[in-house]
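Descriptive structure summary
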Amino acid sequence: MGKRIAIIGGGNLGTAIAEGLLKSKFSKASEIIVTKRNTATLKSLKEKGIEVTDNNVVAVKKSEVVILAVKPFQLNEVLNPIKKELNSSKLLVSVVTGVTINETLDIIGKNLPVFRAMPNTAIAIQESMTCICSRHADDGHVKYVNELFNKMGRVVTIDEKLMEAATILGACGTAYAMRYIRANIQGGIEIGFDALTASLIAAQTVKGAAELLLQKGSHPEQEIDKVTTPKGCTIAGLNEMEHQGFSSSLIRGIVASYKKIAKD
Ligand SMILES: NC(=O)c1ccc[n+]([C@@H]2O[C@H](COP(=O)([O-])OP(=O)(O)OC[C@H]3O[C@@H](n4cnc5c(N)ncnc54)[C@H](OP(=O)(O)O)[C@@H]3O)[C@@H](O)[C@H]2O)c1
């Protein structure tokens, strides 16, 4: 038997995590409980055999692992009623953006193993990049949480002070990549493809490019060298993009996003 997991906040992310746990066989349906106030929207999870409830206290009591997946402003009202059920025998994982481990433990008022995780929306298809950090966790807890998020993509352990940077690069990064792909589609249509074909070519090409880096561990510039022939069309296009500020605009965008959330 795996550990019983309560997901407090069955919204976009909470539901995606529940589905990922089930699909990847990390957990059986009977080992997952998902809560939200309006449980009507959790019908499809219920049909899969997952317990759904609006009672956070009961869900936490029944579980060894508690995943907090509510909005930051909802955290206080969610934690206060359940904090008496939280103790060092439970493992707490918070995916709540922008709330530090200290702030979370301050509300709870005692120490227990806590993880902060920053996944992205590709968790819905088990392709998330999830950055995690922890406090009061032993090797067993770290192994468990790594395995959990590994089933839903890739995991990297970071210092908590990098959590804001992880939010930008890993979570907002999905939006930046979508804009890049959208621009490719628009360019593709201008040079002759219909929108559907251009979308397929652009998305699969970006996926393949990313896989080259992930599977071979190569540097982007090494892969670029393989595509650029002297006096060729690739280098002409790349250089024009750089003259127009391509890399610079991406870096500036990342830094602008970071300035918006960074607390330091
Ligand atoms: N979406 C992402 O890809 C992503 C990535 C990284 C981090 N995050 C973070 O993850 C958290 C959740 O994001 P989300 O996009 O999933 O938000 P969301 O769709 O709004 O989900 C939050 C859920 O919490 C439920 N909720 C609110 N109060 C509750 C209570 N007292 N007890 C139980 N459930 C309650 C809400 O349902 P009811 O109103 O029915 O209760 C809602 O379904 C946020 O902090 C977000 O910043 C999200």
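Details of the structure are given in the entry above.
Here the structure is a predicted model, which is why all the values come from computation and not from measurement.

Further remarks concern the pattern of salt bridges. If you walk through the whole model with that rule in mind, you get twelve salt bridges. Taking the shortest distance from any N to any O, the salt bridge between Glu19 and Lys48 comes out at 3.4 Å. Of this pair, Glu19 sits in helix H1 (residues 12-23) while Lys48 sits in the loop between helix H2 (43-47) and strand E3 (51-53), placing them 29 residues apart in sequence. Judged by relative accessible area, Glu19 falls into the partly exposed class, the value being 24%. One salt bridge in this structure joins Glu160 and Arg135, with 3.2 Å as the shortest N-O distance.

This paragraph deals with the packing of helix H8 (residues 195-216) against helix H9 (residues 220-227). Remark: H8 packs on H9, axes separated minimally by 10 Å, with the N-to-C direction vectors making an angle of 125°. The orientation of H8 with respect to H9, classified from their angle, is oblique. The element H8 and its partner H9 pack so that their crossing is right-handed. Counting all contacts with H8, which are made through Leu212, Leu213 and Lys216, the residues of H9 involved are Pro220, Glu223 and Lys226. Each residue belonging to the contact of H8 with H9 can be placed in one class, and the counts come to three nonpolar, no polar and three charged.

Membership of the largest hydrophobic core comes to 30 residues, with the highest contact counts inside it found for Ile5, Ile7, Leu21, Leu148 and Phe149. Every element with two or more residues in this core is listed here: strand E1 (5-8), H1, strand E2 (32-35), strand E4 (65-68), strand E5 (91-94), strand E6 (114-118) and helix H6 (139-150). If sequence neighbours within four positions are ignored, Ile5 has contacts with Leu21, Phe26, Ser27, Glu31, Ile32, Ile33, Ser63, Val65, Ile67, Tyr144 and Leu148. If you look at the next biggest cluster of nonpolar residues, it comprises 28 residues, including Val66, Cys133, Ile158 and Ala166.

As a structural note, the neighbourhood of the ligand is formed by 24 residues, with Leu13, Lys36, Arg37, Val70 and Thr97 the closest of them. One of the backbone nitrogen or oxygen atoms of Gly11 is found 3.3 Å away from an oxygen atom of the ligand. Between Val70 and the ligand, the recorded distance is 2.8 Å, taken from a backbone N or O atom to an oxygen atom. Protein burial of the ligand: of its 890 Å² of free accessible surface, 84% is covered by the chains. Taken atom by atom, the bulk of the ligand overlaps the second largest pocket. Listed by contribution, the elements that provide at least two residues to the shell around the ligand are H1 and helix H4 (75-82).

Attention now goes to the packing of H4 against helix H5 (residues 101-108). Contact pair H4 / H5: the axes reach a minimum separation of 9 Å and the direction vectors enclose 45°. Taken as axis vectors, H4 and H5 run oblique relative to one another. Contact with H4, carried on its side by Leu75, Asn76, Leu79 and Asn80, involves Thr104, Ile107 and Ile108 of H5 and no other residues of that element. Its residues assigned to classes, the contact of H4 with H5 shows four nonpolar, three polar and no charged.

Turning to a nonpolar patch on the surface, a few remarks are in order. Nonpolar side chains collect at one region of the surface, where Ile191, Phe193 and Ile201 lie side by side and expose about 310 Å² of accessible area between them. Mapped onto the elements, Ile201 comes out in helix H8.

Counted at 1.5 Å a residue, the expected span for H6 with its twelve residues is 16 Å, and the 16 Å between its end C-alpha atoms agrees. Those residues of H6 not exposed but buried are His141, Tyr144, Val145, Asn146, Leu148 and Phe149. The N-terminus of H6 is capped by Asp138, whose side-chain oxygen sits 3.0 Å from the backbone nitrogen of Gly140.

Taken together, the five bridges between strand E7 (residues 128-135) and strand E8 (residues 153-157) define a ladder with parallel strand orientation. Paired with Cys131 across the bridge in E8 is Val156. Once the chain exits E7 it traverses H6 before rejoining the sheet at E8, and the crossover so formed is right-handed.

Another point: unusual backbone geometry. A negative phi angle characterises most non-glycine residues, just as the trans form characterises most peptide bonds. Of note in the backbone geometry, Lys25 takes a positive phi value of approximately 65° without being a glycine. By the element assignment, Lys25 lies in the loop between H1 and E2. The residue Lys231 is not glycine, and still its phi comes out positive at about 65°. Topologically, Lys231 is positioned in the loop between H9 and helix H10 (233-243).

About the criteria used
The residue count restarts for each chain, going from 1 along the sequence in the order it is written. Totals for whole chains, interfaces and linings use all residues, but because this is a predicted model, local features are given only for residues with pLDDT of at least 70 and pairs of side-chain atoms are given and counted only at 80 or more. Side-chain metrics in this entry use all non-hydrogen atoms of the structure; hydrogen atoms and water are not considered. Salt bridge criterion: a side-chain nitrogen from Lys or Arg within 4 Å of a carboxyl oxygen from Asp or Glu. Numbering of helices and strands runs from the N terminus; a helix is a DSSP stretch of H or I covering at least four residues, while a strand is a stretch of E covering at least two. A simple rule labels every residue: compare its accessible area, found with a 1.4 Å probe on the protein chains alone, to the largest value its type can have, and call it buried under 20%, exposed over 50%, or partly exposed in between. Axis definition: a line fitted to C-alpha atoms, over the contacting stretch in the case of helices. Angles run 0 to 180 degrees between N-to-C directions. Should an angle fall under 35 degrees it is taken as roughly parallel, and over 145 as roughly antiparallel, whereas 65 to 115 is taken as roughly perpendicular and any remaining angle as oblique. In this scheme the crossing of two helices becomes right-handed for a clockwise turn of the near helix relative to the far one and left-handed for an anticlockwise turn of less than a right angle. Residue contacts are defined here by distance: any two heavy atoms, one from each residue, within 4.5 Å place the two residues in contact. Residues are grouped as follows: Ala, Val, Leu, Ile, Met, Phe, Trp, Tyr, Cys and Pro are nonpolar; Asp, Glu, Lys and Arg are charged; all remaining types, including Gly, are polar. Side-chain atoms within 4.5 Å are what join buried Ala, Val, Leu, Ile, Met, Phe, Trp, Tyr and Cys residues into a set we call a nonpolar core. For this description, a residue counts as near a given molecule or strand if any of its non-hydrogen atoms is within 4 Å of it. Side-chain atoms alone can form a polar contact between residues adjacent in sequence; in general such a contact is a pair of N or O atoms within 3.5 Å, and within protein one must be able to donate a hydrogen while the other accepts it. Calculation of accessible area relied on Shrake-Rupley with a 1.4 Å probe; when residues are assessed, cover is drawn exclusively from the protein chains displayed. With a 1 Å grid laid over protein atoms only, a set of points is called a cavity when a 1.4 Å probe fits there but cannot get out and a pocket when it is open yet has protein on both sides within 12 Å along at least five of seven lines; lining residues have an atom within 4 Å of a point. Pocket occupancy is defined atom-wise: a molecule lies in a cavity or pocket when more than half of its atoms are within 2 Å of its grid points. Grouping into patches uses exposed residues only, defined as over 30% relative accessible area, and leaves out salt-bridged ones; the cut-off is 9 Å for like charges and 5 Å for nonpolar side chains (Val, Leu, Ile, Met, Phe, Trp, Tyr). Working rule for helices: expected span equals 1.5 Å times residues minus one. Between any two strands, at least two bridges found by DSSP are needed for them to pair. With the strands pointing away from the viewer, any crossover whose connection runs clockwise from the first strand over the helix to the second is right-handed.

Shape descriptors only; they carry no functional weight alone.
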